[in-house]
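Summary of structural features
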Amino acid sequence: RPYSSNIIMSRSTSSHWPWVISTNFAEGLPYAIITTLSVVMLADMGLGNAEVAAYTSLLAMPWSLKALWSPVVEIWQGKRWWMCFMQVILACCFVGVAFGLLGVTYPDTSFWLPCVLSCFTLGAFASATYDIACDGFYMQVLNTDEQSFFVGIRSTAYRLSMIFVSGLLTTMVGLLASQSGGSLQGAWVQVMMGAGALLLLFGVLHALLLPKPDACSARLPEANQKENTQELTASGTFLSTLTTFLQKPGLWFILLFLLFYRLGEALLSKMTILFLKAPVEAGGLGLDNAEYGLIYGTIGVGALTIGGILGGMLVSKYGLKKSVIPLALALNLPDLLYVWMSVSQPDNRWLIGSCVGIEQFGYGLGFTAYMVFMLQSAKGAFATAHYAILTALMAIGMNIPSMLSGWLQEFLGYTDFFWVVIACTIPGILISVWLAFKPQK
């Protein structure tokens, strides 16, 4: 019988809403905890900016390298199994972090940091593996029309997990600390235990909720099944994938764009968090965890999400070449607000929130051009695998400057550091101008 997308959508789409939302919320949850919430936690435990930036940047590396073990997820066990098992592993990791934090006040405090970092590292690999399985499960179970239908839903669920972690969990740390006489250590232990319990709950829920891929494959159109088979074959031919990637026309320009378009933001990413929380006498703004959770974790992430949506609309309407310069300026110029805040050190929380919101809104706008550029650069044979390589390069280009940012800030101080960030935005703006006027082949 001929395939009809309308029949499939009307009969099955409603049954996919719960697991599509929950799996993508659960995908963003550990990523946000390990790469963002850990910055706040380690700073609260007394580590310096150089250590915090270096450690948390290294923790983000597994997401850059996940293409290396993605074939294992494809050929061994099923994606459903990997998703549930990785969430159990993540639950154990966050509980391990909680137990590690208990060592902060022990007479021998030398073990707490290695314990915490080891648990976070294992959690990072587990989370990256979950991402591989989750994305593959989405393509395996849903047909092409359903995949398109749920793109926005997936993105929204992922963003909500960011707000949940950076907004709600950070605020909870502040509230719990105030109730326990200012003990940040005890508050973080409780929050990490809660995060572990939540991931375990997701693991059990998904073991019950996720559909069986074998039962779903029968209703997929033959073309869709053939496409999935081709993707599996392509993912296994690593050498062919790498060879065709290195033969891409204009590869050198692609690499320059990936490295320089977000260079300023790469330096800024960790330091904005530490600057907002640093004591006023140390050059920061002195926000407590509850204030940080509201300003950066809620207002900032909300503005980032809105900026991303509007950026997508702009690129869709005008195309990348026409919109890349305005989007690059939107990404980079708001960084000047951090120079101003480091000089004036405002104590008005609404003013600080407005500055953070504007900067994150601009980042959401500008990052859209980056994502569209990667999608266009990945077109051709092995598009999925090439996109995975590009995202890995994107993460490496973000993590290495971020790793050095703490040392640079401690050497220069906040104001001079933010001026260096502004200087590093210039290559990104220039490369966007180059792209806008580069002849189209």
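Residues numbered from 1 in each chain as written. Predicted model: local features only at pLDDT ≥ 70, side-chain atom pairs only at ≥ 80, totals over all residues. Heavy atoms only, no water.

**Structural notes on the overall build of the protein chain**
Looking only at helices and strands, one finds 20 helices and zero strands in the protein chain. Within the protein chain, the proportion of its 441 residues that are buried is 52%. For the protein chain, the proportion of contacts with a sequence separation of at least 24, taken over those separated by at least 6, is 84%. When the accessible surface of the protein chain is split by element, carbon and sulfur atoms take 70% of a total near 19,400 Å². (Helix = DSSP H or I, 4+ residues; strand = E, 2+ residues; numbered from the N terminus. Buried < 20%, exposed > 50% of the residue type's maximum accessible area, 1.4 Å probe, protein only. Contact = heavy atoms within 4.5 Å. Areas by Shrake-Rupley, 256 points an atom, 1.4 Å probe, with all protein chains shown as cover.)

**Notes on the nonpolar core**
A general tendency of soluble globular proteins is for nonpolar side chains to be buried together. One finds Ile 33, Leu 101, Phe 120 and Met 192 to be the most contacted residues of the largest nonpolar core, which totals 91 residues. Top contributing element to this core by residue count: helix α6 (residues 112-141), with 16 residues. Membership of the second largest hydrophobic core comes to 32 residues, among which are Ala 266, Val 315, Phe 373 and Met 398. (Core = buried A, V, L, I, M, F, W, Y, C linked by side-chain atoms within 4.5 Å.)

**Section: the packing of helix α14 (residues 263-277) against helix α15 (residues 289-318)**
At a minimum axis separation of 10 Å, α14 and α15 run at an interaxial angle of 135°. Judged by the inter-axis angle, α14 sits oblique to α15. In the crossing of α14 with α15, the sense of the turn from one axis to the other is right-handed. Residues Ser 269, Thr 272, Ile 273, Leu 276 and Lys 277 of α14 lie in contact with α15, whose contacting residues are Asn 289, Tyr 292 and Tyr 296. For the contact of α14 with α15, the per-class residue count stands at four nonpolar, three polar and one charged. (Axes fitted to C-alpha atoms, helices over the stretch in contact; angles between N-to-C directions. Parallel < 35°, antiparallel > 145°, perpendicular 65-115°, else oblique. Left-handed = near helix turned anticlockwise from the far one by under 90°. Nonpolar A, V, L, I, M, F, W, Y, C, P; charged D, E, K, R; others polar.)

**Details of the packing of α14 against helix α20 (residues 414-437)**
Working note: a packed helix pair is described by the angle between its axes plus the distance between those axes. Closest axis-to-axis distance for the α14/α20 pair is 8 Å, and the angle between their directions is 155°. Judged by the angle between their axes, α14 and α20 are roughly antiparallel. Pair α14 / α20 crosses with left-handed handedness. Contact with α14, carried on its side by Leu 263, Gly 264, Leu 267, Leu 268, Met 271, Leu 274 and Phe 275, involves Tyr 414, Phe 417, Phe 418, Val 421, Cys 424 and Thr 425 of α20 and no other residues of that element. Its residues assigned to classes, the contact of α14 with α20 shows eleven nonpolar, two polar and no charged.

**Thoughts on the confidence of the model for the protein chain**
When pLDDT is averaged across the protein chain, the result is 83; 85% of the residues are at 70 or more. Within the protein chain, the lowest mean pLDDT, 45, falls on helix α11 (residues 222-236), and the highest, 95, falls on helix α17 (residues 336-344). Long-range and interchain partners of residues 1-11, a stretch whose pLDDT sits below 50, account for twelve contacts in this model, where long-range means more than four residues apart. Every residue in residues 217-236 scores below 50 in pLDDT, and together they form 28 contacts with partners more than four places removed in sequence or on other chains. (pLDDT = per-residue confidence, 0-100.)

**Concerning the pattern of salt bridges**
The final tally for this structure, using the stated rule, is two salt bridges. The residue Lys 277 makes a salt bridge to Asp 44 at a minimum N-O spacing of 3.2 Å. One end of the pair, Lys 277, is in helix α14; the other, Asp 44, is in helix α1 (residues 5-44), with 233 residues separating them in the sequence. Across the pair, exposure class does not vary: Lys 277 and Asp 44 are buried alike. The salt bridge involving Glu 291 is made with Arg 349; its shortest N-O contact spans 3.3 Å. Separated by 58 residues along the polypeptide, Glu 291 in helix α15 and Arg 349 in helix α18 (residues 349-377) bring together distant segments of the chain. Look at Glu 291 and you get partly exposed, because its relative accessible area is 24%. (Salt bridge = Lys/Arg side-chain N within 4 Å of Asp/Glu carboxyl O.)

**A word on the environment of Ala 195**
On the secondary structure map, Ala 195 appears in helix α9 (residues 184-209). Each C-alpha atom of the pair Ala 195 and Cys 93 lies 9.8 Å from the other, and the pair is 102 residues apart in sequence. With near-sequence residues (within four places) excluded, Ala 195 lies in contact with Ile 33 and Phe 94.

**A word on the packing of aromatic side chains**
By convention here, two paired aromatic rings are described through the distance between centres and the angle between planes. Inspection of every chain in the model, using the stated rule, returns 26 aromatic pairs. When the centroid spacing of 6.5 Å and the interplanar angle of 70° are considered together, the rings of Phe 94 and Phe 120 count as edge-to-face. Here the residue Phe 94 occupies a position in helix α5 (residues 79-101), and Phe 120 occupies one in helix α6, the gap between them amounting to 26 residues. The exposure class assigned to Phe 120 is buried, which follows from its relative accessible area of 1%. Residues Phe 253 and Trp 434 carry aromatic rings whose centres are separated by 5.3 Å and whose planes lie at 80° to one another, so their mutual orientation is edge-to-face. Here Phe 253 is found in helix α13 (residues 251-260), whereas its partner Trp 434 is found in helix α20, with 181 residues between them in sequence. Classification of Phe 253 by relative accessible area gives buried; the value is 3%. Each residue in the set Trp 252, Phe 253, Phe 257, Tyr 261, Tyr 363, Phe 367, Tyr 370, Phe 373 and Trp 434 is aromatic and connected to the rest through ring pairs, giving one cluster. For the cation-ring pair, Arg 262 lies above Tyr 370, with the distance from its terminal atom to the ring centre recorded as 4.8 Å. (Phe/Tyr/Trp six-rings, centres within 6.5 Å; stacked < 30°, edge-to-face > 60°. Lys NZ or Arg CZ within 6 Å of the ring centre and 35° of its normal.)

**Focus: the environment of Gly 46**
Within the secondary structure, Gly 46 is located in the loop between α1 and α2 (49-59). For Gly 46, a relative accessible area of 60% gives the class exposed. Taking the C-alpha atoms as reference, Gly 46 lies 9.9 Å from Val 104; in sequence the two are 58 residues apart.

**Re the environment of Tyr 55**
Here Tyr 55 is to be found in helix α2. You can call Tyr 55 partly exposed: its relative accessible area is 27%. Sequence-wise, Tyr 55 and Ser 38 are 17 residues apart; in three dimensions their C-alpha atoms are separated by 9.3 Å. Look past the residues within four positions of Tyr 55 in its chain and what remains in contact with it is Leu 42, Leu 47, Leu 113 and Leu 117.

**Remarks on unusual backbone geometry**
Among all residues except glycine, the phi angle is most often negative; among peptide bonds, the trans geometry is most common. Look at Gln 345: it is not a glycine, yet its phi comes out positive at around 45°. Relative to the assigned elements, Gln 345 resides in the loop between α17 and α18. Exposure remark for Gln 345: the relative accessible area of 27% places this residue in the partly exposed category.

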